[in-house]
Amino acid sequence: MLKVEGLSKSYPGFSLADVSFSLPKGYIMGFIGMNGAGKTTTLKSVLNIVRRDSGKITVFGKDMDADETAIKQQLAFMAGTVSYYPRTRAYALADIYKRFYSEWDEAAFKKYLQKFNLDINKKLNEFSAGMKVKFGLSLALSHNAKLLILDEPTGGLDPIARDELLDVFAGIVEGGERSILFSTHITADLDKCADFILFIKNGRIIANDTKDNLIDGHLVIRGGNEVLSGISEKLVGVKKNSYGFSGLIKKEDFNGGTGLKAERPNLEDIMVYCSK
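Residues numbered from 1 in each chain as written. Predicted model: local features only at pLDDT ≥ 70, side-chain atom pairs only at ≥ 80, totals over all residues. Heavy atoms only, no water.

S.K.: Would you take a moment to explain helix α5 (residues 129-141) for this structure?
M.R.: Residues spaced three or four apart along an α-helix face the same direction, because each turn holds 3.6 residues. Across its 13 residues, α5 extends 19 Å between first and last C-alpha, which sits within 8% of the 18 Å expected from 1.5 Å per residue. Along α5, 11 of the 13 residues are buried, which leaves the element largely enclosed by surrounding structure. When α5 is considered as a whole, its buried residues turn out to be Gly130, Lys132, Val133, Lys134, Phe135, Gly136, Leu137, Ser138, Leu139, Ala140 and Leu141. Check the buried side of α5 and you find it contacts β6 (75-79), α3 (90-97), α4 (106-115), β7 (147-151) and α6 (159-173). (Helix = DSSP H or I, 4+ residues; strand = E, 2+ residues; numbered from the N terminus. Expected span 1.5 Å × (residues − 1). Buried < 20%, exposed > 50% of the residue type's maximum accessible area, 1.4 Å probe, protein only. Contact = heavy atoms within 4.5 Å.)

Put into structure tokens, the structure is as follows:
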């Protein structure tokens, strides 16, 4: 559904370098990395909002440069929550939005409004943050978007609202015809719903795998500082304190050892230690 090959973009003091990945139909890919790592620049470059220096973007089997208009008829992008024209009523925004899409389905739009319990007569600034995200999703799904690219869609939401949205995401891809790529720094969200994980650091992809492979391929180990020197060069990242250390290691590099305890990591562990 989405294939990115050799994407590069340079700014003074920062650059994306050879970003490559693919997202098949019917799956959710979580895009993680520290603030400033290049997540938003990558997403906007994929969408031609930012002009990339090099690389090829293929969506639905079509080249983004040659068929951008056709591709974007079936693609939706949302940065955070819907926050433009906050004093405009939701129905007025929808009336403007639907003019850009040839496959707009009014019946589907009404169905999603009902599903998400949204009052279209309210002004946007009367919606909660979670309702704004759901309104954006209602718009996207009502023009038959097959690929949803979302930049920090759950940022600023409370745990209950986030959990509801993750259920919505799972429902969107359930039929196998739609895919979602979304960036987030809330790794617990990805533990619940992501199939694939894309991890960027300083403008470079350092991990691109299924969530299960990424987690199962690593261990968090703990021990006293007296045993650190014997294993330090194998660690992906390490944290030290007066009582000892903890570190992330690839499972294939760990052979056990006296005074070491190993446990299964979560995505937050992997992100934190890889950033050390």
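S.K.: For this particular structure, what's the right way to read the pairing of strand β12 (residues 235-241)?
M.R.: Both faces of the sheet carry side chains from a regular strand, because those side chains alternate between them. Sheet topology note: the β12/strand β13 (residues 244-250) ladder contains six bridges and is antiparallel. Of the residues in β13, the one forming a bridge with Leu235 is Ile249. (Pairing = 2+ DSSP bridges.)

S.K.: I'm lost on the pairing of strand β10 (residues 204-210) in this one. Help?
M.R.: Here strand β9 (residues 196-201) runs beside β10; their pairing, made up of six bridges, is antiparallel. If you follow Phe196 over to β10, its bridge partner there is Thr210.

S.K.: Explain unusual backbone geometry here, please?
M.R.: What is expected of a backbone is that most residues other than glycine have negative phi and most peptide bonds are trans. Positioned with a positive phi, Asn144 is a non-glycine residue whose angle comes to about 65°. Note that Asn144 resides in the loop between α5 and β7. Phi at Glu152 takes a positive value of approximately 55°, unusual for a residue other than glycine. Looking at the secondary structure, you find Glu152 in the loop between β7 and α6.

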